[in-house]
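Here's the letter readout for the chains.
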Amino acid sequence: MADHKPLRLLAETAEDLEVISAAIQDSVVKAGNLKYESRHNRFALEINRFRWEAGAKRGDGQRVRSLLAFDGVLGAKTRAVTKTDPEMVLSLLQVTFTPADEPPGGKITLIFAGDGEIVLEVEVLDATLLDSDYVWPTRRLPSHERRRR
């Protein structure tokens, strides 16, 4: 496998966030690793990100431990996402930004498999994705076409 540098991405516009959204598609996170720090106006997720940029083929994928953080968070609402079981694994599919009527604020929506959703009300779009150096191989490639019986 080729050696790839860790991602260090910042988003201040909806277009920037689309890049981060593409990078985090099919990441997994334990419910216990969802952290909302209201005193610091910060929401963060410790994720295991699938490294799509590594050009994985069947049987030789990679995951990397990453931090996805949002600053300037005024509030958070969830639907079908709970922390009652901190070991429950959630699959993060997409992150979007909807601007407010009066910029620069708006809503960031994190969409999870199984209709789970977290909506963050933000005063400004300020998102960060930071990969660690902890990378490991995985034979399982995420698949949206696979049906389970």
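Residues numbered from 1 in each chain as written. Predicted model: local features only at pLDDT ≥ 70, side-chain atom pairs only at ≥ 80, totals over all residues. Heavy atoms only, no water.

(A) Molecular detail of the overall build of the protein. Within the protein one finds one helix and ten strands. Reading the helices (α) and strands (β) of the protein from amino to carboxyl end gives β-α-β-β-β-β-β-β-β-β-β. Taking 15 Å as the expected radius of gyration for a compact globule of 149 residues, we find that the protein reaches 15 Å, a close match to that expectation. Along the first, second and third principal axes, the C-alpha set of the protein runs to 45 × 35 × 25 Å. Within the protein, the proportion of its 149 residues that are buried is 37%. (Helix = DSSP H or I, 4+ residues; strand = E, 2+ residues; numbered from the N terminus. Rg over C-alpha atoms; globule rule 2.2 N^0.38 Å. Buried < 20%, exposed > 50% of the residue type's maximum accessible area, 1.4 Å probe, protein only.)

(B) Molecular detail of the nonpolar core. Of all hydrophobic cores here, the largest spans 29 residues; its most connected members are Leu45, Leu68, Phe70 and Leu110. Of all the secondary-structure elements, those providing two or more residues to this core are helix H1 (14-24), strand S4 (42-50), strand S5 (61-71), strand S7 (89-99), strand S8 (106-112), strand S9 (116-122) and strand S10 (127-138). When neighbours within four sequence positions are excluded, phenylalanine 70 is seen to be in contact with Leu17, Asn41, Arg42, Phe43, Leu45, Val95, Ile108, Leu110, Leu120, Asp126 and Ala127. (Core = buried A, V, L, I, M, F, W, Y, C linked by side-chain atoms within 4.5 Å. Contact = heavy atoms within 4.5 Å.)

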